[in-house]
Amino acid sequence: MNKTRFKVIINWQGEVLTIYRHATSPDQALRLAIREVARQSGYSAKYVRDYVMNSNFRRWEVEK
């Protein structure tokens, strides 16, 4: 599969993070970016995913 470079923008507790990832789909790029935020912040990936993916807020965006 061909990987594409994606720009993932995440609003992490008021701080806007821009993370670039090579992935096969936007969904995969978002998952990889969430794991990177978890690694940097010290929180679990589940905690970061639940915060970012909260359906009441728009805290992420993926661009090609």
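Scroll up to find the structure.
To start, this report covers the structure provided alongside it. Computed from a predicted model, the values in this text were never measured in an experiment.

## Thoughts on the packing of aromatic side chains
- For the coordinates displayed, the defined rule picks out four aromatic pairs.
- For the pair Trp12 and Tyr43, a centre-to-centre distance of 5.7 Å together with 65° between the ring planes defines the contact as edge-to-face. Taken together, the residues span a long stretch of sequence, with Trp12 in strand E1 (residues 4–12) and Tyr43 in the loop between helix H1 (26–41) and helix H2 (45–52) at a distance of 31 residues.
- With relative accessibility at 7%, the residue Trp12 sits in the buried group.
- Ring centres of Trp12 and Tyr47 lie 6.3 Å apart, and the angle between their planes is 85°; this geometry places the pair in the edge-to-face category. You can see Trp12 sitting in strand E1 and its partner Tyr47 sitting in helix H2, a full 35 residues away along the chain.
- An aromatic cluster is defined as three or more aromatic residues linked by ring pairs; in this entry it consists of Trp12, Tyr43, Tyr47 and Tyr51.
- Above the ring of Trp60, the side-chain terminus of Arg58 is found at 4.7 Å from the ring centroid.
- A cation over an aromatic ring shows up here: Arg59 above the ring of Tyr51, its NZ or CZ 3.9 Å from the ring centre.

So, how was this worked out
Residues numbered from 1 in each chain as written. Predicted model: local features only at pLDDT ≥ 70, side-chain atom pairs only at ≥ 80, totals over all residues. Heavy atoms only, no water. Phe/Tyr/Trp six-rings, centres within 6.5 Å; stacked < 30°, edge-to-face > 60°. Helix = DSSP H or I, 4+ residues; strand = E, 2+ residues; numbered from the N terminus. Buried < 20%, exposed > 50% of the residue type's maximum accessible area, 1.4 Å probe, protein only. Lys NZ or Arg CZ within 6 Å of the ring centre and 35° of its normal.

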